[in-house]
Amino acid sequence: EEEFKWLLQEEVHAVLKQLQDILKEASHRFALPASGPGGAIKPENFVLSTAGTDQVKGVLTLHGDALCQADVNLKMPRNNQLLHFAFREDKQWKLQQIQDARNHVNQAIYLLMNRDVNYQFKTGSEVLKLMDAVMLQLSRARNRLTTPATLTLPEIASSGLAKMFTPALPPDILVNFYINLNKLCLTVYQLHVLQPSTTKNFKPAGGSILHNPGAMFEIGSQRYEVSHVHKVECVVPWLNDALVFFTVSLQLCQQLKDKISVFSSYWNYRPY
């Protein structure tokens, strides 16, 4: 029993402190751009490319959770014509995945800081509930980066992203930016119009992270089919750091839960 008391009073707080330190490091990776010359985050440039293809090339500027510049070159397969698009100077594209992940990390830190060193844990179940709550936030943060949103082609077509570019995107081009694990990805869809006289069996595609050639959709009274798909990406090192911090933190939480559970069952302290 003395050992269990020591665990609740000493070791639990040591682990909570360790978790706070790791998650604060993670949070710093997601820090918002600060104004002024000593700003917290400087814009970073990333070159988007894929080995073996030069159909799409791009340079993106990421500032915290916002794409503040994008320059994209697209070589059209039909006629080898080169198209160039860039963000309008007055536009930025918020990456909701990064914003959400940061909010979940900060929520986990808040939960941990609510149990400062002077707080006395009375039972194992109290610690288990706190660990479950922290792990939920960390799992959500990680999932936001590892699982991009599934979108239908009409949703991509009607998103505000299409209005970000100058010159305006032609009607037969769709673009989508998203985070996948530690990568910033750009997908470019080339479309062709399905004529009303076509004998093709029209079947609209559902939601997906990445649509394949042959996917069909309808906007207004016009039907389209995806003819070509180009995906280019680049690694964002600090997203990689954040994912490592999430993994280490989740392991620490689980180890503490396991210890508490062993003691709880041994001393008949029922966790729930």
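Above this text is the structure in question.
Please read these numbers as outputs of a predicted model, since none were measured by experiment.

Definitions and cut-offs
Residues numbered from 1 in each chain as written. Predicted model: local features only at pLDDT ≥ 70, side-chain atom pairs only at ≥ 80, totals over all residues. Heavy atoms only, no water. Helix = DSSP H or I, 4+ residues; strand = E, 2+ residues; numbered from the N terminus. Expected span 1.5 Å × (residues − 1). Buried < 20%, exposed > 50% of the residue type's maximum accessible area, 1.4 Å probe, protein only. 1 Å grid on protein atoms, 1.4 Å probe; cavity = no way out; pocket = protein on both sides within 12 Å on 5 of 7 lines; lining within 4 Å. Points joined across faces, edges and corners; volume = space filled by probe spheres on them. Nonpolar A, V, L, I, M, F, W, Y, C, P; charged D, E, K, R; others polar. Salt bridge = Lys/Arg side-chain N within 4 Å of Asp/Glu carboxyl O. Phe/Tyr/Trp six-rings, centres within 6.5 Å; stacked < 30°, edge-to-face > 60°. Axes fitted to C-alpha atoms, helices over the stretch in contact; angles between N-to-C directions. Parallel < 35°, antiparallel > 145°, perpendicular 65-115°, else oblique. Left-handed = near helix turned anticlockwise from the far one by under 90°. Contact = heavy atoms within 4.5 Å. Core = buried A, V, L, I, M, F, W, Y, C linked by side-chain atoms within 4.5 Å.

Digging into helix H2 (residues 96-113)
- Along its 18 residues, H2 runs 26 Å from first to last C-alpha, staying within 8% of the 26 Å computed at 1.5 Å per residue.
- Every buried residue of H2 is accounted for by Gln 97, Ile 98, Asp 100, Ala 101, Arg 102, His 104, Val 105, Ala 108, Ile 109 and Leu 112.

Observations concerning the layout of surface pockets
- Taken as a whole, the largest pocket holds about 290 Å³ of empty space.
- Forming the boundary of the largest pocket are 15 residues, of which Ala 149, Leu 151, Asn 176, Phe 177 and Tyr 178 lie nearest the centre.
- Counting residues per element, the ones that place at least two in the lining of the largest pocket are strand S5 (93-94), H2, helix H4 (153-158) and strand S7 (173-180).
- It is S7 that contributes the most residues to the lining of the largest pocket, three residues altogether.
- Counted by class, the lining of the largest pocket contains eight nonpolar, four polar and three charged residues.

Examining the pattern of salt bridges
- Applying the stated rule across the entire model yields 11 salt bridges.
- Here Asp 21 makes a salt bridge to Lys 17, at a shortest N to O gap of 2.9 Å. Placement of both Asp 21 and Lys 17 in helix H1 (residues 2-29) is noted, with a separation of four residues, approximately one turn of the helix.
- Among the salt bridges present, the one from Arg 102 reaches Asp 65, with a minimum N-O distance of 3.4 Å. Here the residue Arg 102 occupies a position in helix H2, and Asp 65 occupies one in the loop between strand S2 (53-63) and strand S3 (66-75), the gap between them amounting to 37 residues.

Brief notes about the packing of aromatic side chains
- Applying the stated criterion across every chain yields a total of seven aromatic pairs.
- Judged by centre distance (6.3 Å) and plane angle (10°), the rings of Phe 30 and Phe 246 are stacked. Remark: Phe 246 occurs in helix H5 (residues 237-266) and Phe 30 occurs in the loop between H1 and strand S1 (44-50); sequence separation between them is 216 residues.
- Relative accessible area serves as the criterion here: at 0%, Phe 246 is assigned to the buried category.
- A centroid spacing of 5.3 Å and a plane angle of 20° characterise the contact between Phe 217 and Tyr 224, whose relative ring orientation is stacked.
- The class for Tyr 224 is buried, based on a relative accessible area of 15%.
- In this structure an aromatic cluster arises from ring pairing among Phe 85, Phe 87, Phe 165 and Phe 177.

Comments concerning the packing of H2 against helix H3 (residues 124-146)
- At a closest axis distance of 8 Å, the pairing of H2 and H3 adopts a crossing angle of 165°. Taken together, the axes of H2 and H3 are roughly antiparallel relative to one another. Here the hand of the crossing between H2 and H3 comes out left-handed. Packed against H2, whose contacting residues are Gln 96, Gln 97, Asp 100, Ala 101, His 104, Val 105, Gln 107, Ala 108, Leu 111 and Leu 112, the element H3 presents Leu 130, Met 131, Ala 133, Val 134, Gln 137, Leu 138, Arg 140, Ala 141, Arg 144 and Leu 145 at the interface.
- Here the residues of the contact of H2 with H3 sort into 12 nonpolar, five polar and three charged.

Some details on the nonpolar core
- Counting 67 residues, the largest nonpolar core has Phe 30, Met 131, Phe 165, Phe 177, Leu 186, Phe 246 and Ile 260 as the members making the most contacts within it.
- In this structure, Phe 165 is in contact with Phe 85, Ala 86, Phe 87, Arg 88, Val 175 and Phe 177, ignoring residues within four places of it in sequence.
- Membership of the second largest hydrophobic core comes to nine residues, among which are Ile 156, Leu 174, Tyr 189 and Val 226.

So, the environment of Gln 81
- With respect to the helices, strands and loops of the structure, Gln 81 is situated in the loop between S3 and strand S4 (82-87).
- Residues Gln 81 and Gly 58 lie 23 residues apart in sequence; the distance between their C-alpha atoms is 16 Å.
- Those residues in contact with Gln 81 that lie beyond four places of it in its chain are Leu 74, Lys 75 and Met 76.

Some points on the packing of H1 against H2
- Where H1 contacts H2, the two axes come as close as 10 Å, and the packing angle between them is 155°. The angle between the axes of H1 and H2 places the two elements in the roughly antiparallel class. Of the two elements, H1 crosses H2, and the hand of that crossing is left-handed. Between H1 and H2, the contacting residues are Leu 16, Leu 19, Gln 20, Leu 23, Lys 24, Ala 26 and Ser 27 on the first element and Val 105, Asn 106, Ala 108, Ile 109, Leu 112 and Met 113 on the second.
- For the contact of H1 with H2, the per-class residue count stands at nine nonpolar, three polar and one charged.

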